[in-house]
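For reference, the chains in residue letters:
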Amino acid sequence: MNKKLSRGAYGGVAGKDYVPYISSGSKLGGNVAVLMIGVILAALFAASTAYSGMKSGLTVAAGIPGSIIGSAFIAAFAKQKGILGKNLIQGMSSGGESVASGMIFVLPSILLIGAQVSFHEGLAVGVGGVLFGIGIASVVYNYLLVEEHGKLMYPESMAISETLVASEGAGESVKYMGIGFGVSGLITVVTESFLNAANTVISFVNETFYKWKFEVEVNPLLVGIGFIVGLDVAITMFAGSILANFGIMSLIGYFASFGNNGATIWNNQHVAINAMQVKHIAGSYVKYIGAGMMLSGGLIGAVRLIPTIISSIKETLNAKSANGSGSSSAANIILIAGVIVGFAAGFLISGGNMVMAVGATVLSLFLSLLFVIVSGRLTGTIGTSNLPVSGMTIASLVIVTLLFVLLGWKNQESNKSLLLFGTFIVIAISVAGGYCQSQKVNFIIGGQRNEMDKYFTIASVVGVAVVIGVIILLSNQLALTGDNVPFALPQANLMATLTAGIMSGQLPWPIIIVGVVMGFVLFLLRLPIMTVAIGFYLPISTTSIILIGAFLRHFVEKSCKSEHEKEVRVANGISLSSGLVAGGSIVGLIGIILQLSGVIKGNGPSGFAATNEMAFLLLVVLAFATIMPILKSRVNAPTSNDTGKR
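Residues numbered from 1 in each chain as written. Predicted model: local features only at pLDDT ≥ 70, side-chain atom pairs only at ≥ 80, totals over all residues. Heavy atoms only, no water.

Hey, could you run me through the overall build of the protein chain in this one?
A count of helical and extended segments in the protein chain gives 24 helices and four strands. Taken over the C-alpha atoms alone, the protein chain extends approximately 80 × 60 × 50 Å along its principal axes. Every one of the 646 residues in the protein chain was classed for burial, and the buried ones make up 58%. When contacts within the protein chain are restricted to residue pairs at least 6 apart in sequence, those whose partners lie at least 24 apart make up 85%. Split by element, the accessible area of the protein chain, about 24,900 Å² in all, is 65% carbon and sulfur. (Helix = DSSP H or I, 4+ residues; strand = E, 2+ residues; numbered from the N terminus. Buried < 20%, exposed > 50% of the residue type's maximum accessible area, 1.4 Å probe, protein only. Contact = heavy atoms within 4.5 Å. Areas by Shrake-Rupley, 256 points an atom, 1.4 Å probe, with all protein chains shown as cover.)

What am I meant to see in the confidence of the model for the protein chain here?
Low pLDDT means the predicted atomic positions in that stretch should not be read closely. Averaged over every residue, the pLDDT of the protein chain is 88; the share at 70 or more is 95%. Across the protein chain, the secondary-structure element scoring lowest on mean pLDDT is helix α12 (residues 306–323), at 66, and the one scoring highest is helix α17 (residues 449–473), at 96. Between residues 321–325, whose pLDDT stays under 50, and residues either more than four places distant or in other chains, the model counts four contacts. (pLDDT = per-residue confidence, 0-100.)

Explain the pattern of salt bridges here, please?
Charged atoms that come close allow side chains of opposite charge to pair. Throughout the structure, instances matching the rule amount to seven salt bridges. Here K566 and E563 are joined by a salt bridge, their closest N and O atoms 3.4 Å apart. Taken as a pair, K566 and E563 lie in helix α23 (residues 563–596) at a separation of three residues, close to a single helical turn. Given the relative accessible area of 25%, K566 is considered partly exposed. One salt bridge in this structure joins E565 and R569, with 2.4 Å as the shortest N-O distance. Separated by four residues within a single helix, E565 and R569 lie in helix α23, roughly one turn from each other. (Salt bridge = Lys/Arg side-chain N within 4 Å of Asp/Glu carboxyl O.)

Teacher, can you tell me more about helix α21 (residues 529–537) here?
Given 3.6 residues per helical turn, the α-helix brings residues three or four places apart onto the same face. For α21, the tally of buried residues reaches eight of nine residues, placing the bulk of the element in the interior. Every buried residue of α21 is accounted for by I529, M530, V532, A533, I534, G535, F536 and Y537.

Mind showing me how you'd approach the packing of helix α2 (residues 63–77) against helix α7 (residues 155–165) here?
For any two helices packed against each other, the geometry comes down to the angle between their axes and how far apart the axes lie. Two numbers describe how α2 lies on α7: the axes approach to 9 Å, and their chain directions differ by 15°. One element, α2, and the other, α7, form an angle in the roughly parallel class. For the element pair α2 and α7, the recorded crossing hand is right-handed. Residue-level inspection shows G63, I64, S67 and I68 of α2 in contact with α7, the latter providing A159, I160, T163 and L164. Looking at the contact of α2 with α7, its residues break down into five nonpolar, three polar and no charged. (Axes fitted to C-alpha atoms, helices over the stretch in contact; angles between N-to-C directions. Parallel < 35°, antiparallel > 145°, perpendicular 65-115°, else oblique. Left-handed = near helix turned anticlockwise from the far one by under 90°. Nonpolar A, V, L, I, M, F, W, Y, C, P; charged D, E, K, R; others polar.)

Could you clarify how one ought to interpret the nonpolar core in this entry?
Burial of nonpolar side chains together is a common tendency in soluble globular proteins. Core analysis: the largest hydrophobic core is formed by 197 residues, its most contacted members being M54, F404 and L474. Counting residues per element, this core draws most heavily on helix α16 (residues 412–445), which supplies 18 residues. (Core = buried A, V, L, I, M, F, W, Y, C linked by side-chain atoms within 4.5 Å.)

Would you explain the packing of helix α3 (residues 82–106) against α17 in this entry?
Packing of α3 against α17 brings their axes to within 8 Å, and their N-to-C directions diverge by 40°. As the angle between them shows, α3 and α17 are arranged oblique. By crossing handedness, the relation of α3 to α17 is classed as right-handed. Among the residues making up the contact of α3 with α17, the classes are represented as 13 nonpolar, nine polar and one charged.

Can you help me understand the pairing of strand β1 (residues 201–206) in this one?
Both faces of the sheet carry side chains from a regular strand, because those side chains alternate between them. Here β1 pairs with strand β2 (residues 212–217) via six bridges, running antiparallel. Considered in β2, the bridge of I202 is made with V216. Following β1, the chain reverses through five residues before pairing antiparallel with β2; F209 in that reversal takes a positive phi of roughly 55°. (Pairing = 2+ DSSP bridges.)

Spelled out as structure tokens, the structure:
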């Protein structure tokens with residue numbers, strides 16, 4: 001057995017001629033122990049992704065951390081399954097994460113329009129979306145993963161494969177993930193989501209003359225995300241926040257000062273225009289401009305996908321007719337089940353409206369079919385972390401919303417049904433990307449396709465149940481709107497604003513259009529619209545701490561004396577950061593459960609613990625505890641396997 005992947009893993013040979021890493025013996029990596037480990041990690045990554053994604057608007061792919069943790073668990077409980085068992089676990093981790101990454105875009109929107117999410121409704125559309133997304137992605141498996149081998153690179157799949165092959169070094173990575181989890185957990189315990197014993201927000205707000213706000217939330221979860229995404233993304237997001245909080249907000253505040261006493265905020269009749277505070281400007285005006293920017297970015301992204309949609313469908317049909325190969329036996333059953341569950345969910349969420357049940361379900365299945373194929377292809381180019389799920393979801397929701405408006409379904413109950421259909425679509429799109437990424441790893445390593453189909457599907461269904469549980473648990477906090485809310489929900493807020501506004505006719509279109517125009521200007525300047533827009537929409541307290549996390553990575557990179565040293569320390573930093581994200585999410589969720597059950601009754605910080613100085617002290621502790629283990633990490637001399645980048 002080789003010590004590393006062959007050159008053929010990266011192309012140069014036809015997919016049908018590629019010899020996988022495990023080329024002989026049993027191709028099965030699963031047993032009861034592997035299944036249980038995978039289910040636990042799927043649930044963990046689903047909960048963590050849901051919590052952190054609703055907090056920051058960003059999600060972190062679970063393939064690599066899943067493979068690292070999986071390596072440790074396999075070594076402890078199922079050593080005989082080796083790399084094939086680790087491979088299944090990385091796939092199951094991705095299954096739980098990809099469900100959460102999609103579901104949090106739309107499902108919380110139901111809370112934002114004033115309705116409630118029931119577990120059985122969410123489960124029906126979630127499971128339907130999972131099964132249909134996996135089933136359709138499996139139909140194009142041979143074309144995307146085998147025929148296009150070496151042409152579609154699946155960059156994150158190759159990184160996961162390399163991690164699996166080098167998994168004898170996983171103990172070091174697990175150590176840094178453990179450090180990150182511990183640091184994040186300890187700091188999260190003192191925050192408002194747990195003991196609420198210390199102020200964690202450094203805040204400066206100016207309400208006179210030139211209105212502005214600058215805040216930093218000392219949140220280890222967000223520091224971890226910043227380290228992972230890097231300086232380019234973090235600065236771009238922060239630029240959006242600077243524009244919102246030091247540009248647009250101040251401009252609106254200046255003009256508002258000339259308002260007469262009879263004029264009030266458009267969505268709050270109790271506050272006079274000329275008496276608006278920063279929080280009113282942010283919640284009633286700036287956020288809607290941000291929503292317009294995100295809408296612009298989503299629609300432009302969808303339009304730019306049209307050639308990809310056409311070529312993907314055309315090439316897929318040609319490939320199918322040429323070789324006649326299709327899905328695995330498990331995937332055929334999954335696809336049929338997806339269609340059946342999709343229609344059953346449609347009838348369940350339509351409240352007895354047969355026309356809605358049939359029409360909206362057929363349209364949702366058709367849109368899912370188109371974008372699942374696009375999702376699989378784009379994953380092969382840019383990976384799941386950069387998948388433009390927002391754009392595809394916005395385009396789909398606009399089309400389904402127009403159907404609802406055309407047929408006169410405009411009340412709140414219809415809006416809830418619309419968002420549930422949207423949840424089905426976004427889950428199918430997101431899961432398809434995770435499925436293709438995991439199956440590409442499976443193809444490279446040499447696992448059995450049918451087995452990955454089964455294990456990935458189980459993990460994704462577990463992910464659906466976990467994410468619905470998290471959303472119901474946090475429903476009171478998620479339903480809050482305005483400025484300084486616990487969960488910003490940028491994508492879900494956009495979906496709620498868009499659908500409710502179109503259906504009611506009460507959308508503040510002038511404000512939205514300003515955002516759309518700003519987004520178009522960003523497009524003309526060739527800047528990443530959605531990244532700037534999410535930064536514009538999110539609280540500056542969130543984007544500033546993400547930027548600090550990115551600066552910590554930049555400092556680590558600049559302090560290294562060689563490329564090998566930088567590579568090792570950044571890898572350790574990413575492992576530690578994954579622990580920060582997981583620790584902050586899981587401990588935060590545990591704290592909220594304890595608060596809701598009455599076990600913890602924090603009255604809030606007082607005295608020094610309630611000051612900016614306290615938050616600043618926590619920030620210094622967090623930065624020091626994050627960066628020191630990375631800088632002190634041992635860097636061995638490079639081996640022959642470390643040289644020669646592909």
